[in-house]
Amino acid sequence: MILFEMKHIKKSFGALDVLRDISLEVDKGEVLSIIGPSGSGKSTLLRCATGLETPDAGEIVKNGEVGLVFQNFNLFPHFSVLKNIIDAPMRVQKRKKEEVLVQARELLKKMGLEGKEDAYPYQLSGGQQQRVSIARALCMNPDILFFDEPTSALDPELTGEILKVIKALAAEHITMVIVTHEMTFARDISDRIIFMDDGVIAVEGTPEQVFASEHARMKEFLGKFHQG
Amino acid sequence: MDLSTMLEQLAGGMVTTVEIFFVTLICSLPLGLLICFGRMSKNKILKGIVSAYISVMRGTPLMLQLMVVYFGPYFIFGIRISRGYSLIAVFIGFAINYAAYFAEIYRGGIESMPAGQYEAAQILGYSKSQTFFRIILPQVIKRILPSITNEVITLVKDTSLAFVVSVAEMFTIAKQIASAQTTMTPFLVAAIFYYIFNLIVAVAMNKIEKMMNYYK
């Protein structure tokens, strides 16, 4: 079942064509990673997909609710950890507090954040903040969860803990689209990988296919990555 | 005149001063937010009008504005002004003047908010008003509190300007007693009064700032 579809999406900022005719589909239960050099349009694609930007042309079909985990978390600093998670389900989805609380506490446990309910974001490490933001997104019960470079703001040690959390979500077959610079992670976790270059999808396929691709820009990109 | 009679007379003025202070705050803090919305509006006409209003309020003396509000109805519209209008004129003059300053403080605070807060709220489905009142405004208030404190302290001292439309606030009475009795004492009392008033304001605002320090 196709949960999410982009058809011929175009987006420019002034004279800069950031997305040039992007079409993609996301199936239920699929993990799709989007890789590519900086400025290739990955983030803009995600921002169009989640409604933060309006495409200039093309069509987006969503068969379900969309969640987004930001690169720099964007937690609400004046809300406690728990309130960050339960506020939108209660205020926006109008769900009962007791029910939301049960789910929020389960999520906190899953994220390894037991006992942090009453903490405020500033009291947490970057990795913990990102796990709260993942819990916040999950508590809305999205059908598809987007990640915008979820580890780019974190040091390598904290990156590992976030990747572990996302892996666990993948094991639960939560539909995810992940923009990432973590190549090994993308290879391990993804059902499908998209390599973007200069506003188009240059290579698309299974991790094996993409990493074995003879596409010149892809090879150049991976070469840089292998050299570290 | 002995000190206790003098203090008694001054006390009457103090009540008026405190009254001007609170009425101004109660009116201008919400009014300032409304004006700020106009100032930040996408509607160019509204934005232009509000910008001009703020510019005039900040660019001309409050004393002059009080006189315009007080005498305006008579000189412009020929309406006879009653004696009781002077205090009302002071309330109006102060409220519209301070609202202009507060509007600019609000605007600075709102514009300093990172876009990510709006984006996170949008993704989570908050409505525009929920986003503003639940997510943005509480953080803005924390950010602008030091600037608000400055304005409030200025307001305590500005209340003495009410004399230009013959409202008998404390300083007006102090001057009358001083010239009638040829003594400096009422000025000394006035100085102590303003100082203690502002000390209380500073302590109270500090308390509020501390209350908001539960997050960063």
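None of the values given here were measured: they were computed from a predicted structure.

For the rest of this paragraph, the subject is the overall build of chain A. Of the regular secondary structure elements, chain A holds eight helices and nine strands. A compact globule built from 228 residues should have a C-alpha radius of gyration of about 17 Å, and chain A, at 18 Å, falls within 12% of that. Within chain A, buried positions represent 55% of all 228 residues. Counting only contacts in chain A whose residues sit at least 6 apart along the sequence, the fraction spanning at least 24 positions is 66%. For chain A, the computed accessible surface area is about 10100 Å², with 47% contributed by carbon and sulfur atoms. Of the side-chain charges in chain A, 27 are positive and 33 negative, and the distance between the mean point of each set is 5 Å.

Quick look at a nonpolar patch on the surface now. On the surface, L188(B), I192(B), Y195(B), I196(B), L199(B) and I200(B) cluster together to form a nonpolar patch covering roughly 620 Å² of accessible area. Note on I192(B): relative accessible area 45%, which makes it partly exposed.

What follows is about the packing of aromatic side chains. Any pair of aromatic rings gets described here by the distance separating the centres and the angle formed by the planes. Residues and elements named next belong to chain B. Tallying each qualifying case throughout the model produces 20 aromatic pairs over all chains. Ring centres of Y70 and F71 lie 4.8 Å apart, and the angle between their planes is 70°; this geometry places the pair in the edge-to-face category. The exposure class assigned to Y70 is buried, which follows from its relative accessible area of 8%. According to the relative accessible area criterion, F71 is partly exposed, its value standing at 29%. Between Y98 and Y101, the ring centres sit 6.4 Å apart and the planes meet at 45°, which makes this aromatic pair tilted. On the criterion of helical spacing, the pair formed by Y98 and Y101 is a turn pair, its members being three residues apart in helix α4 (residues 85–111). A relative accessible area of 1% places Y98 in the buried class. Each residue in the set F21, F22, F193, Y194 and F197 is aromatic and connected to the rest through ring pairs, giving one cluster. Residue placement shows K142 over the ring face of Y215; its charged tip is 4.7 Å from the ring centre.

A few words now on the interface of chain A and chain B. Of the residues lining the interface, 24 residues belong to chain A; the matching set on chain B comes to 18 residues. Of the roughly 2000 Å² buried where chain A meets chain B, counting both sides, 60% is carbon and sulfur surface. A per-residue breakdown of the area chain A buries against chain B is headed by F76(A), H78(A) and Y122(A), which together make up 32% of the total. Linking chain A to chain B there are two salt bridges.

Before going further, it helps to spend a moment on the UniProt feature "transmembrane region" (unreviewed entry) in chain B. Residue and element names in this part refer to chain B. The UniProt record marks residues 20–38, 59–79, 85–103, 160–178 and 184–206 with the feature "transmembrane region" (unreviewed entry), using the residue numbering of this structure. In this annotation, residues 20–38 is assigned 100% helix and 0% strand; the end-to-end C-alpha distance for the span is 26 Å. When the span residues 160–178 is considered, its composition is 47% helix and 0% strand, and the gap between its end C-alpha atoms is 15 Å.

Sheets are built from strands paired through backbone hydrogen bonds, the pairs being either parallel or antiparallel. Residue and element names in this part refer to chain A. What the six strands build is an open sheet, ordered β5-β6-β7-β3-β8-β9; its pairing is mixed. Edge positions in the sheet fall to β5 (66–69) and β9 (200–205), since each of these pairs with one other strand and no more. Across the sheet, the mean angle from the axis of one strand to that of its neighbour is 20°, orientation sign disregarded. Alignment of strand β8 (residues 192–197) against β9, held across five bridges, turns out to be antiparallel. Residue pairing in the sheet places F195 in a bridge with V203 of β9. Taken strand by strand, helix α4 (residues 126–138) contacts β5 and β6 (144–148), and its axis lies near 175° from that of β5. The strands that helix α5 (residues 156–171) touches are β3 (31–35), β6 and β7 (176–179); relative to β7, the one it contacts most, it runs at about 155°.

The next subject is helix α3 (residues 62–77) of chain B. An α-helical turn contains 3.6 residues, so a residue and the one three or four places further along point in the same direction. Residue and element names in this part refer to chain B. Spanning 16 residues, α3 covers 22 Å between terminal C-alpha atoms, matching the ideal 22 Å at 1.5 Å per step. At F71, α3 shows its maximal bend, which comes to roughly 55°, and the proline P73 appears one to four places after that position. Buried residues belonging to α3 abut α2 (44–59), α4 and α6 (128–158).

Glancing now at the confidence of the model for chain A. Scored by pLDDT, chain A comes out at a mean of 93, with 98% of its residues at no less than 70. Within chain A, the lowest mean pLDDT, 79, falls on helix α8 (residues 216–227) of chain A, and the highest, 98, falls on helix α2 (residues 81–91) of chain A.

Rules used in this analysis
- For every chain, the first residue of the written sequence is number 1, and numbering continues from 1 along that sequence.
- Starting at A for chains and at 1 for ligands, labels are handed out in the order in which the entities are written.
- In keeping with the predicted nature of the model, local features appear solely for residues at pLDDT of at least 70, side-chain atom pairs appear and are counted solely at 80 or more, and the whole-chain, interface and lining totals rest on all residues.
- Only hydrogens and water are removed before side-chain values are computed, so all heavy atoms of the structure are retained for them.
- Numbering of helices and strands starts at the N terminus; helices are DSSP runs of H or I of at least 4 residues and strands are runs of E of at least 2.
- When we talk radius of gyration, it's over C-alpha atoms, and the globule rule is simply 2.2 Å times the number of residues to the 0.38.
- Only protein chains enter the accessibility calculation, which uses a 1.4 Å probe; a residue whose area is less than 20% of its type maximum is buried, one above 50% is exposed, and one in between is partly exposed.
- Residue contacts follow a heavy-atom distance rule, with two residues in contact if any of their heavy atoms lie within 4.5 Å.
- For the accessible areas, the method is Shrake-Rupley and the probe is 1.4 Å, while residue cover comes only from the protein chains on display.
- Residues counted as positive are Lys and Arg, residues counted as negative are Asp and Glu, and His and the chain ends are not counted.
- Every charge is mapped to an atom, namely NZ of Lys, CZ of Arg, CG of Asp or CD of Glu.
- What goes into a patch is any residue over 30% in relative accessible area without a salt bridge, connected to like charges within 9 Å or, for nonpolar side chains (Val, Leu, Ile, Met, Phe, Trp, Tyr), within 5 Å.
- In the sections that follow, a salt bridge refers to a side-chain nitrogen of Lys or Arg positioned within 4 Å of a carboxyl oxygen of Asp or Glu.
- Centre distance within 6.5 Å is the pairing criterion for rings of Phe, Tyr and Trp, where only the six-membered ring of Trp is used; planes under 30 degrees apart are then read as stacked, over 60 as edge-to-face, and the remainder as tilted.
- The rule is short: NZ of Lys or CZ of Arg within 6 Å of the ring centre and within 35 degrees of the ring normal puts a charge over the ring.
- Accessible area that two parts lose when put together, evaluated with a 1.4 Å probe and summed over both, is termed the buried area.
- UniProt positions are given in the numbering used here, feature names are shortened, and annotations may be inferred rather than shown by experiment.
- At least two DSSP bridges between two strands are needed for those strands to be called paired.
- To obtain each axis, a line is fitted to C-alpha atoms, and for helices this fit is confined to the stretch in contact; angles are then taken between N-to-C directions over 0 to 180 degrees.
- To estimate how far a helix should reach, multiply one less than its number of residues by 1.5 Å.
- The quantity called bend is, for any residue, the angle between two axes fitted respectively to the seven residues ending at it and the seven beginning at it.
- Every residue gets a pLDDT, meaning the predictor's confidence in that residue, from 0 to 100.

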